[in-house]
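Remarks on the overall topology
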Amino acid sequence: MTDFAWDPLIWVALALLLMAGEAVIPGFMLLGFGVGAILLAAVVAFLAAPIQAMPEPISALVTLWFALSLLAWALLWLVWGRRSARRGGDDVNDFRNSR
C-alpha cells in the first residue's frame, strides 16, 4: 500500500505540484516543501534500501521530508530574505507621506 512512497517520480511530481501552488500562495511556504520533496526524491533514489530497513520507514520518510523542507526554507531565507531585509526604504510598504 505504501509502495508509491519509494518511487522518486512520485516525490518529483509532488514537488512540482507544490511549486506550482506557490504561484497561488506566495511566501516561499510551498516552495520550501517542494524543494524538500525534490531533495527527498534524490534520497529515495539512492538510499531507499537503508531507509526501508528502519522500523518505521514511512515515518522516517516524512520526518526526513520535513527536515529537508526546513533546510530549504533556511536556504531560501539566506538567499532572498536578507536581500529584501537590506533594502533602503524602496519597498512600497515602507512608504511615508511627507506632508
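Now for a look at the structure at hand. (Residues numbered from 1 in each chain as written. Predicted model: local features only at pLDDT ≥ 70, side-chain atom pairs only at ≥ 80, totals over all residues. Heavy atoms only, no water.)

This part is about the environment of F33. Within the secondary structure, F33 sits in helix α2 (residues 29-52). F33 gets classed as buried once you look at its relative accessible area, which sits at 18%. Along the backbone, F33 and A15 are 18 residues apart, and their C-alpha atoms lie at a distance of 7.2 Å. When sequence neighbours within four positions are dropped, the list of residues in contact with F33 reads L18, W65, F66, S69 and W73. (Helix = DSSP H or I, 4+ residues; strand = E, 2+ residues; numbered from the N terminus. Buried < 20%, exposed > 50% of the residue type's maximum accessible area, 1.4 Å probe, protein only. Contact = heavy atoms within 4.5 Å.)

What follows is about a nonpolar patch on the surface. On the surface, F28, L39, L71, L75, W77, L78, V79 and W80 cluster together into a nonpolar patch covering about 730 Å² of accessible area. Residue contributions to the nonpolar patch peak at 6 residues, all from helix α3 (residues 57-85). Among the residues examined, L78 registers a relative accessible area of 40% and is labelled partly exposed. (Patch = residues over 30% accessible without salt bridge, like charges linked within 9 Å, V, L, I, M, F, W, Y side chains within 5 Å. Areas by Shrake-Rupley, 256 points an atom, 1.4 Å probe, with all protein chains shown as cover. Salt bridge = Lys/Arg side-chain N within 4 Å of Asp/Glu carboxyl O.)

Membership of the largest hydrophobic core comes to 17 residues, with the highest contact counts inside it found for W6, W11, L40, V44, L61 and W65. Elements represented by at least two residues in this core include exactly α1 (8-21), α2 and α3. Among the elements that take part in this core, α2 stands out by supplying 8 residues, more than any other. Every residue in contact with W11, bar those within four places of it in the chain, is listed here: A5, A37, L40, A41, V44, L61 and W65. (Core = buried A, V, L, I, M, F, W, Y, C linked by side-chain atoms within 4.5 Å.)

Under the definition given, this model contains 5 aromatic pairs. Taken together, a centroid distance of 5.5 Å and an interplanar angle of 65 degrees make the contact between W11 and W65 edge-to-face. A residue pair is termed long-range when its members are at least 10 positions apart, and W11 in helix α1 and W65 in helix α3 qualify at 54 residues. Classification of W11 by relative accessible area gives buried; the value is 9%. Given a relative accessible area of 14%, W65 falls into the buried group. Ring centres 4.9 Å apart and planes at 80 degrees place the aromatic pair F33 and W73 in the edge-to-face group. One end of the pair, F33, is in helix α2; the other, W73, is in helix α3, and 40 residues separate them in sequence. Under the relative-accessibility criterion, W73 is labelled partly exposed at 22%. (Phe/Tyr/Trp six-rings, centres within 6.5 Å; stacked < 30°, edge-to-face > 60°.)

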